[in-house]
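# Chains, contacts and geometry: an overview
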Amino acid sequence: MKMNWVEKMLMNNPIRAAFQIWYEVPLLERLGGRTEGMKVLEVGCGRGVGTEQILNRFGASSVLAMDLDPDMVRLARKRLMKYPADRLSLTVGDVTAIQAEDQSFDAVFDFAIIHHVPIWQDALKEIHRVLKPGGRFFFQEVTSHALEKWSYQTFMVHPVENRFSGTEFINELERLGIQVGTKTTEKYGGDFVYGVGIKK
Ligand SMILES: C[S@@+](CC[C@H](N)C(=O)[O-])C[C@H]1O[C@@H](n2cnc3c(N)ncnc32)[C@H](O)[C@@H]1O
């Protein structure tokens with residue numbers, strides 16, 4: 001499900017970018033390490049702030065970044081045009097039907113997108129499919145605890161049914177064979193869950 005205009009305003013601004021760069025990225029790096037020289041997929045790349053961090057700070061050799069919303073892909077393309085085609089591909093795509101072969105990525109990044117997917121379990125199934133054995137899944141997600149709040153329900157649009165808590169998200173990953181263990185943390189009273197899982 002695409003973002004509405006209010007959420008686009010909240011996401012496409014320098015405050016969100018600073019929070020992602022100075023807080024979320026270091027937290028994910030502490031939990032899961034870097035991805036030096038690796039082939040990485042980013043689902044729901046938005047305007048590409050996280051993509052740039054995956055290329056530079058995490059050190060990926062190449063990134064395929066995709067988003068359901070062509071407007072976001074257009075913004076990402078503008079931001080990231082200095083990167084050559086052998087390091088970066090940007091495309092419109094759906095995380096529940098990833099256009100890639102089985103076991104084709106060393107790592108997958110999810111900066112706050114799977115709570116936008118009506119059947120979020122299908123997104124995790126696809127991420128599991130495209131990860132190589134031993135590959136890592138870096139995630140930052142918004143839980144039902146946040147989505148039930150008046151502010152989220154009034155100003156933003158998300159699927160209503162079938163939302164997840166941090167524990168439910170991690171249990172589903174573990175059920176699929178992506179082991180998270182202790183490499184996870186919840187923040188803001190359980191509104192956000194961060195973590196890194198390794199595919200068995
Ligand atoms: C809250 S924004 C996060 C954007 C970016 N990752 C960030 O952290 O700034 C959620 C993004 O997920 C995208 N999205 C929603 N459903 C999707 C789907 N099924 N497949 C791929 N992207 C999706 C939206 O278009 C939006 O850009």
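So, here's what we can say about the structure. On a predicted model such as this, the values are computed, not experimentally measured, just so you know. (Residues numbered from 1 in each chain as written. Predicted model: local features only at pLDDT ≥ 70, side-chain atom pairs only at ≥ 80, totals over all residues. Heavy atoms only, no water.)

## Overview of the overall build of the protein chain
A count of helical and extended segments in the protein chain gives eight helices and eight strands. In terms of overall size, the protein chain behaves like a compact globule, its C-alpha atoms giving a radius of gyration of 15 Å where 200 residues would be expected to give roughly 16 Å. Overall size of the protein chain, expressed as C-alpha extent along the three principal axes, is 45 × 35 × 30 Å. Here the protein chain holds 200 residues, and 55% of them are scored as buried. In the protein chain, 73% of the contacts between residues at least 6 apart in sequence involve partners at least 24 apart. On the protein chain, roughly 9,400 Å² of surface is accessible, and the fraction owed to carbon and sulfur atoms is 57%. (Helix = DSSP H or I, 4+ residues; strand = E, 2+ residues; numbered from the N terminus. Rg over C-alpha atoms; globule rule 2.2 N^0.38 Å. Buried < 20%, exposed > 50% of the residue type's maximum accessible area, 1.4 Å probe, protein only. Contact = heavy atoms within 4.5 Å. Areas by Shrake-Rupley, 256 points an atom, 1.4 Å probe, with all protein chains shown as cover.)

## Regarding the packing of aromatic side chains
For the structure shown, the criterion picks out 16 aromatic pairs. Where Trp120 meets Phe164, the ring centres are 4.7 Å apart and the plane angle is 55°; that geometry is what we call tilted. Of the two residues, Trp120 is situated in helix H5 (residues 120-130) and Phe164 in the loop between helix H7 (150-155) and helix H8 (166-176); the sequence distance between them amounts to 44 residues. Considered together, Trp120 and Phe164 belong to a single accessibility category, that of buried residues. Three or more aromatic residues joined by ring pairs form one cluster here, namely Phe19, Tyr23, Tyr188, Phe192 and Tyr194. When the ring centre of Phe105 is taken as reference, the NZ or CZ atom of Lys39 above it lies at 5.2 Å. (Phe/Tyr/Trp six-rings, centres within 6.5 Å; stacked < 30°, edge-to-face > 60°. Lys NZ or Arg CZ within 6 Å of the ring centre and 35° of its normal.)

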